[in-house]
Amino acid sequence: MQAMFREPSQWSLPWMDRVLPRIVDLCSTQPSRLVFTRFIPARRPGAGQGTWKRYYERWADMTLERLGPGKVDLVPELRAFTPPAPVVDKPVYSPWLGSNLRTLLAQRRCDTVIVTGGETDMCVLSTVLGAADYGLRTIVVQDAVCSASDEAHDAMIGLFSNRYGQHIETATTKQLVNCWIGG
């Protein structure tokens, strides 16, 4: 939920403004338990290892050099929770690689992650599968995730709910908030 995905760009997420109020509701309900992640693109076109080099040649306008200041920032509605909520920067889709997320969650004695944000079929997918690999209870908030592709989003929600059902749970924002406030 970063500026580069909200503003007009090659990576714009049309659903972002629809799901953002739900994410804010969840954050407001449990602000002391938040951890945000941010995708940080390569500095310049062609940077990166292996296929990431080709990726940033293809998406040259989405590199830090071309994006301009502030585009990797969380959207203002979520920045309001930082601090105290930490922000973990990640150089790839998965927040488990190249970051301190696992250590941060272990220090908090976290055994459950609740995943919101974008994109359902990219960063959300990597987050969810990594959390499941680490044995964390993993809940995807199906009405608080979004993608650039409706078809891919719907397919991922179906996979999370069915194929990965032993490792991944799905819930709605309302279900979670009701659970937290005892409703």
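Coordinates for the structure precede this section.
Residues numbered from 1 in each chain as written. Predicted model: local features only at pLDDT ≥ 70, side-chain atom pairs only at ≥ 80, totals over all residues. Heavy atoms only, no water.

A word on the environment of Val35. Within the fold, Val35 resides in the loop between helix H2 (16–29) and strand E1 (36–39). Val35 gets classed as partly exposed once you look at its relative accessible area, which sits at 25%. With 52 residues separating them along the chain, Val35 and Val87 place their C-alpha atoms 6.1 Å apart. (Helix = DSSP H or I, 4+ residues; strand = E, 2+ residues; numbered from the N terminus. Buried < 20%, exposed > 50% of the residue type's maximum accessible area, 1.4 Å probe, protein only.)

Evaluation of the coordinates by the stated rule reveals 13 aromatic pairs. It is Arg58 that lies over the ring of Trp59; its NZ or CZ is 3.7 Å from the centre. (Phe/Tyr/Trp six-rings, centres within 6.5 Å; stacked < 30°, edge-to-face > 60°. Lys NZ or Arg CZ within 6 Å of the ring centre and 35° of its normal.)

Here strand E2 (residues 87–90) shows one buried face, formed by Val88 and Lys90, and one open face, formed by Val87 and Asp89. Where E1 lies against E2, four bridges are found, and the strand directions are parallel. Within E2, the residue paired with Arg38 across the bridge is Asp89. (Pairing = 2+ DSSP bridges.)

Along an α-helix, residues three or four positions apart point the same way, because every turn accommodates 3.6 residues. With 14 residues, helix H8 (residues 150–163) should cover 20 Å at 1.5 Å per step; its first-to-last C-alpha distance of 19 Å lies within 8% of that length. Along H8, the residues that are buried comprise Ala152, His153, Met156, Ile157 and Phe160. The buried residues of H8 occupy one face: seen down the axis, they fall within an arc of 135°. Across H8 from its buried face, at more than 90 degrees, point the exposed residues Glu151, Asn162 and Arg163. (Expected span 1.5 Å × (residues − 1). Arc of directions from axis to C-beta.)

Right, let's get into the pattern of salt bridges. Tallying each qualifying case throughout the model produces ten salt bridges. Here Glu77 makes a salt bridge to Arg6, at a shortest N to O gap of 2.9 Å. One end of the pair, Glu77, is in helix H5 (residues 76–79); the other, Arg6, is in helix H1 (residues 3–6), with 71 residues separating them in the sequence. Residue class for Glu77 comes out partly exposed when judged on its relative accessible area of 32%. Residue Arg6 is classed as partly exposed on the basis of its relative accessible area of 28%. Between Glu7 and Lys71 there is a salt bridge, with its nearest N and O atoms 2.7 Å apart. In this pair, Glu7 sits in the loop between H1 and H2 while Lys71 sits in the loop between helix H4 (64–67) and H5, placing the two residues 64 residues apart along the sequence. For Glu7, a relative accessible area of 30% gives the class partly exposed. (Salt bridge = Lys/Arg side-chain N within 4 Å of Asp/Glu carboxyl O.)

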